[in-house]
There are 2 protein chains.
Amino acid sequence: MRKISTKDIEYIAMGSTVLGTGGGGDPYIGKLLANEAINKYGDVSLIDAKELKDDALVVSIAAFGAPMILVEKLFSGEEFKRAFDMMEAYLGKKIEAIIPAEAGGLNGVIPFAVAARKKVPLVDADGMGRAFPRLEMTTFTLHGIPVSPITQADEKGNKNVYHTIDNTWGETLVGATTIQMGGSCAIGCYPMSGAQVKIAAVHGIVTYAETLGKAIIDAKAKNQNPIDSLIEKAAAIKLFTGKISNVTLKTEGRWNKGVCEISGLEKNIDSQMTLDFQNEFLMAKKDGKPVAITPDLIVLIDAENAQPITAESIQYGTRVIVLGMKANAQWRTPEGIELGGPKKFGYQENYITIEELNKNNRDVL
Amino acid sequence: MRKISTKDIEYIAMGSTVLGTGGGGDPYIGKLLANEAINKYGDVSLIDAKELKDDALVVSIAAFGAPMILVEKLFSGEEFKRAFDMMEAYLGKKIEAIIPAEAGGLNGVIPFAVAARKKVPLVDADGMGRAFPRLEMTTFTLHGIPVSPITQADEKGNKNVYHTIDNTWGETLVGATTIQMGGSCAIGCYPMSGAQVKIAAVHGIVTYAETLGKAIIDAKAKNQNPIDSLIEKAAAIKLFTGKISNVTLKTEGRWNKGVCEISGLEKNIDSQMTLDFQNEFLMAKKDGKPVAITPDLIVLIDAENAQPITAESIQYGTRVIVLGMKANAQWRTPEGIELGGPKKFGYQENYITIEELNKNNRDVL
């Protein structure tokens, strides 16, 4: 166990945005809420899953909605507290720890706001090791843990509880009401035991996000190259250097869908890259050929300031570097590929690891 | 208190379809389920609201969805039991009586199936005195009774509880998930006390439906004119006689929306009638001029067999008679007109009572 202060939140938010792989929401609001709560209620205890009692009740608290709307429509923080309180009331049991559902700019830090306020520890783990566009796309699902009961609260005061027959139905039903609520809400989900967390989570992800955030922020402070620093810490592959030449984006249901086109610069001067996204980047193609495929991580970085760019904030003309990172091993199993791989999103392509796709071009610039 | 047998259900279903004013669902499935449950579990006690203890928990159990889909997608009956059980579990209190939400072909009789199975009485009252297309359009709402908590169950096993900030949000959120569930589900809603039922319900509506059903069925058995018999018992106004010349219908969200056009026959030979519907008939115009406006009831009757016709089963060429009936007095207050009147459905026209609209043509044929 160690204490997480507002300074640590800065690192964790930055690193979570990297792991958000274009989705997971903008970290700005999450940081505001987490810092406000920590300043008011005190630092948050970050614990290792091993420190959990086997019968402890652990719950994910998350922002849910279209990232585009999550940026525009502010949360007060009350929604998350309500989702937490409803879960306790519904289960008739105290929540002993919070586990982030995903590592994303918003959902990597929002849980700290609730943990501070409710004075419960936060587990250094999540259910994705990255961000994914659908609620059922978690390692929890891979281990057969139900997403239900799901508690849902919006800023207006609507409060619902869902008991769905499977985790996909959780996404379907909560997604439908979230659109009606204006596109965003707070949810509590995946109530599970400490014993289940130990088996089913992606461990150490908060610390890992912090490490990646530090790599960028501290390198900048020392006038070192923050992108090189990130690449080293993340064991990332540099996939492309270029300039945003086009972006199409539409909000469809609770998803930002679109394609980002990048014209090559430097060594990539004669090449083009496309990044398809549905909240998260799912497929990177260089000159029409895949170089990174979901569930591996595709990270778009602003070349000027080393800031990871979320899909909804892509701007024409920005100089960017595209990085690829290996997905957590749980996503590379046949079950993981079925749940979070390219076929799930309607692609014809089979999943091929990023290492395999880039074995001959490890140093592409 | 008196016992309701399967023979009574036949009358009640017929009369409820009249009061369904084109919506409220087809009675066929409701009758099947009610009769099956009564045969298995025994007759249902129909009680007057006065017989309720003031602190008794009374709940509405209803089929929810687009009438078009309610006809095609069968219920097993389990959904209604689940909606009932969830409400008891959620409130931690036994339900002592069921009150129909609306008088419609389906929702006028479905509550009997649950009442038989759960061995609780059914209150001779409802929340509309007719059918309406939206969940919040009830006299319960007019009396400030919350629709929430709402329990929702589908045939697949999904089970949700909604706590909405107002009754309109109940319709919005439950409507959104119902579409995802395939267009229909069972709900429990408007949990209230016996004291509230006494004040807020439309009383005697089950008995009234039975009276109207008897007027049609018994007249037919005696070779008397069933439509004249219905007109007499319902104090209805004969608005039009004609033949269906066109019908447009689309299912939009959970609503059947469309217009039914009728070419005049007999005394109406040179006239046209249009009936607009959104599940229920909302506006009847003769030669472009309103002759019946929601919340007053517009009833379409097959001239050959005196069967009330629901909007989704209108067929070209059918000879029909259109009747108008006064809405319950609660709907004719300023609040009632605001909640269930023409402006609520986007019409420019102000509400004018059916008596006023037809004061010079009471005997129109």
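Residues numbered from 1 in each chain as written. Chains lettered and ligands numbered in written order. Predicted model: local features only at pLDDT ≥ 70, side-chain atom pairs only at ≥ 80, totals over all residues. Heavy atoms only, no water.

Caption draft 1: Layout of the interface of chain A and chain B. Residue-level contacts link 18 residues of chain A with 18 residues of chain B. Note on chain A versus chain B: buried area summed over both sides is about 1,700 Å², and carbon and sulfur give 65% of it. Per-residue buried area on chain A facing chain B is highest for N158(A), L173(A) and Q180(A); these three make up 27% of the total on that side. Run the count over chain A and chain B and you get seven residue pairs in polar contact (both at pLDDT 80 or more). At the level of elements, β8 (159-163) and α7 (167-180) of chain A are the ones that each hand at least two residues to the side of chain A that touches chain B. Top contributing element to the side of chain A that touches chain B by residue count: α7(A), with six residues. Across the side of chain A that touches chain B, the residue classes tally to eight nonpolar, eight polar and two charged. (Contact = heavy atoms within 4.5 Å. Buried area = accessible area lost by both parts, 1.4 Å probe. Polar contact = N/O pair within 3.5 Å; in protein donor to acceptor, adjacent residues only side chain to side chain. Helix = DSSP H or I, 4+ residues; strand = E, 2+ residues; numbered from the N terminus. Nonpolar A, V, L, I, M, F, W, Y, C, P; charged D, E, K, R; others polar.)

Caption draft 2: Representation of the packing of aromatic side chains in the model. For the coordinates displayed, the defined rule picks out nine aromatic pairs over all chains. The interplanar angle of 80° and the centroid separation of 5.8 Å between the aromatic rings of Y162(A) and Y162(B) together place this pair among those described as edge-to-face. Here Y162(A) is found in strand β8, whereas its partner Y162(B) is found in strand β8 (residues 159-163) on a different chain. Neither Y162(A) nor Y162(B) differs from the other in exposure class; each is buried. Between the NZ or CZ atom of R130(A) and the centre of the ring of F132(A), over which it lies, the distance is 3.9 Å. (Phe/Tyr/Trp six-rings, centres within 6.5 Å; stacked < 30°, edge-to-face > 60°. Buried < 20%, exposed > 50% of the residue type's maximum accessible area, 1.4 Å probe, protein only. Lys NZ or Arg CZ within 6 Å of the ring centre and 35° of its normal.)

Caption draft 3: Inspection of the domain arrangement of chain A at higher detail. Residue and element names in this part refer to chain A. Entries for chain A in the domain assignment read domain 1 (2-203) and domain 2 (235-357). A separation of 25 Å is found between the C-alpha centroids of domain 1 and domain 2. Residue-level contacts link 41 residues of domain 1 with 32 residues of domain 2. When domain 1 packs against domain 2, close to 2,900 Å² is buried across both sides, 64% of that on carbon and sulfur atoms. Counting every contact that joins domain 1 to domain 2 gives one salt bridge. Among the ionic pairs, E171 bridges to R254, the shortest N-O distance being 2.8 Å. Viewed at the interface, domain 2 and domain 1 are joined by 14 residue pairs in polar contact (both at pLDDT 80 or more). Only α1 (6-19), β3 (57-65), α3 (67-72), α6 (139-142) and α7 provide two or more residues apiece to the side of domain 1 that touches domain 2. Of the residues contributing to the side of domain 1 that touches domain 2, the split by class is 20 nonpolar, 15 polar and six charged. (Domains from an automatic or database assignment. Salt bridge = Lys/Arg side-chain N within 4 Å of Asp/Glu carboxyl O.)

Caption draft 4: A look at helix α10 (residues 226-234) of chain B. Residues and elements named next belong to chain B. Within α10, the full set of buried residues consists of P226, I227, S229, L230, I231 and A234. Buried residues along α10 sit against α1 (6-19), α9 (205-221), β11 (237-252), β16 (297-302) and β17 (319-325). The opening residue of α10, the one whose side-chain oxygen lies 2.8 Å from the backbone nitrogen of I227, is N225. Once α10 ends, the next one or two residues include A235, with phi positive near 50°.

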